[in-house]
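Examining the three-dimensional arrangement
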Amino acid sequence: MANINISCIAIIGKQNNPLFIKNFNPSHADLKYHYIAHTSCDVMEERATMKAQDMYLGVLFSMEDLSVYGYMTNTKIKFITVLTVPDVIIKDLDMKNIFRRIHAAYVNHASNPFYEIDSEKMIKSKKFEQEIEAIGRGRALEGGNRNSLPATAP
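Residues numbered from 1 in each chain as written. Predicted model: local features only at pLDDT ≥ 70, side-chain atom pairs only at ≥ 80, totals over all residues. Heavy atoms only, no water.

It is worth spelling out the packing of helix H2 (residues 92–110) against helix H3 (residues 126–136) at this point. Contact geometry of H2 with H3 gives a least axis separation of 10 Å together with a crossing angle of 175°. As far as their axial angle goes, H3 and H2 are roughly antiparallel. Only Phe128, Glu131, Ile132, Ala134 and Ile135 of H3 make contact with H2, whose side of the interface consists of Ile98, Arg101, Ile102, Ala105, Tyr106, Asn108 and His109. A breakdown of the residues in the contact of H2 with H3 according to their chemical character gives eight nonpolar, two polar and two charged. (Axes fitted to C-alpha atoms, helices over the stretch in contact; angles between N-to-C directions. Helix = DSSP H or I, 4+ residues; strand = E, 2+ residues; numbered from the N terminus. Parallel < 35°, antiparallel > 145°, perpendicular 65-115°, else oblique. Contact = heavy atoms within 4.5 Å. Nonpolar A, V, L, I, M, F, W, Y, C, P; charged D, E, K, R; others polar.)

Okay, structure coming up:
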């Protein structure tokens, strides 16, 4: 996997309400990423109608030194990742893997019986935040990937 410098991970709800925004770049204010996340919503909805099959929407737009990537679930939850523009080319496969990890973390959180799925409240879970932090910092989850099936003996 290429050296990907993630600046922000945002999760936006069905009604375009922010559910979670994590800033990994102290040189940019949180408000900037709120703005980027909301401007991405229109682009994502437009692209989602054209790409009915694929949840990964690719590069949504670039601004200044940032590139914005999008992923929309079949339940219209939007995942947005903002990258600092690197000197290397980012492969779609690498970005798809990052979005799959974010999606798996969200599904694990949403599976909690006390979580209100259609709530407009921000996600406040230490475990979820740790998982997103690990993804944003490029670390593997402790104990391996919980979402993979165990290997079976032949």
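Here is a general trend for soluble globular proteins: nonpolar side chains tend to be buried in one another's company. Ile11, Met95, Ile102, Tyr106 and Ile132 are the most contacted members of the largest nonpolar core, which totals 26 residues. Mapped by element, the contributors of at least two residues to this core are strand E1 (6–12), strand E2 (18–23), strand E4 (66–72), strand E5 (78–84), H2 and H3. Leave out the neighbours within four places in its chain, and methionine 95 touches Ile4, Tyr56, Tyr69, Thr81, Leu83 and Ile90. With 17 residues, the next largest nonpolar core counts Cys8, Ile12, Val68 and Met72 among its residues. (Core = buried A, V, L, I, M, F, W, Y, C linked by side-chain atoms within 4.5 Å. Buried < 20%, exposed > 50% of the residue type's maximum accessible area, 1.4 Å probe, protein only.)

Our next topic: the packing of aromatic side chains. To describe a pair of aromatic rings, one takes the distance between the centres and the angle between the planes. The tally for this structure, following the rule as stated, stands at five aromatic pairs. Pairing tyrosine 56 with phenylalanine 99 gives two aromatic rings, centres 6.0 Å apart and planes at 50°, and the pair type is tilted. Of this pair, tyrosine 56 sits in strand E3 (residues 56–63) while phenylalanine 99 sits in helix H2, placing them 43 residues apart in sequence. Phenylalanine 99 carries the same exposure label as tyrosine 56, and that label is buried. Ring plane angle 10° and centroid distance 5.4 Å describe the contact between tyrosine 71 and phenylalanine 99, whose orientation is recorded as stacked. Here tyrosine 71 is found in strand E4, whereas its partner phenylalanine 99 is found in helix H2, with 28 residues between them in sequence. (Phe/Tyr/Trp six-rings, centres within 6.5 Å; stacked < 30°, edge-to-face > 60°.)

We now examine the confidence of the model for the chain. For the chain, mean pLDDT is 83; residues scoring 70 or higher make up 86% of the total. Residue range residues 141–154 is modelled with pLDDT below 50. Its contacts to residues more than four positions away, or to other chains, number eight contacts. (pLDDT = per-residue confidence, 0-100.)

Glancing now at the environment of phenylalanine 99. Classification of phenylalanine 99 by relative accessible area gives buried; the value is 0%. Apart from residues lying up to four places away in sequence, phenylalanine 99 is in contact with Tyr56, Tyr69, Gly70, Tyr71, Phe79, Ile80 and Thr81.

Okay, the sheet that holds E5 next. Taken in spatial order, the five strands make up an open sheet running E2-E1-E5-E4-E3, and their pairing is antiparallel. The open sheet has two edge strands with one neighbour each: E2 and E3. Ignoring strand direction, the axes of neighbouring strands in this sheet form an average angle of 15°. For E3 and E4, the ladder comprises six bridges, and the chain directions are antiparallel. Bridged to valine 59 within E4 is tyrosine 69. Along the sheet, helix H1 (residues 30–50) contacts E1, E2, E3, E4 and E5; its crossing angle with E3, the most-contacted strand, is approximately 130°. Packed onto the sheet, H2 meets E1, E2, E3, E4 and E5 and runs at close to 135° relative to E5. (Pairing = 2+ DSSP bridges.)

One pass over the structure, following the stated rule, counts five salt bridges. The partner of glutamate 133 in a salt bridge is lysine 22, with the nearest N and O atoms 3.2 Å apart. Of the two residues, glutamate 133 is situated in helix H3 and lysine 22 in strand E2; the sequence distance between them amounts to 111 residues. Just as glutamate 133 is buried, lysine 22 falls in that class too. Between lysine 32 and glutamate 64 there is a salt bridge, and its shortest N-O distance comes to 2.7 Å. You can see lysine 32 sitting in helix H1 and its partner glutamate 64 sitting in the loop between E3 and E4, a full 32 residues away along the chain. Here the salt bridges do not stand alone but share partners, grouping Lys22, Glu129, Glu133 and Arg137 into one network. (Salt bridge = Lys/Arg side-chain N within 4 Å of Asp/Glu carboxyl O.)

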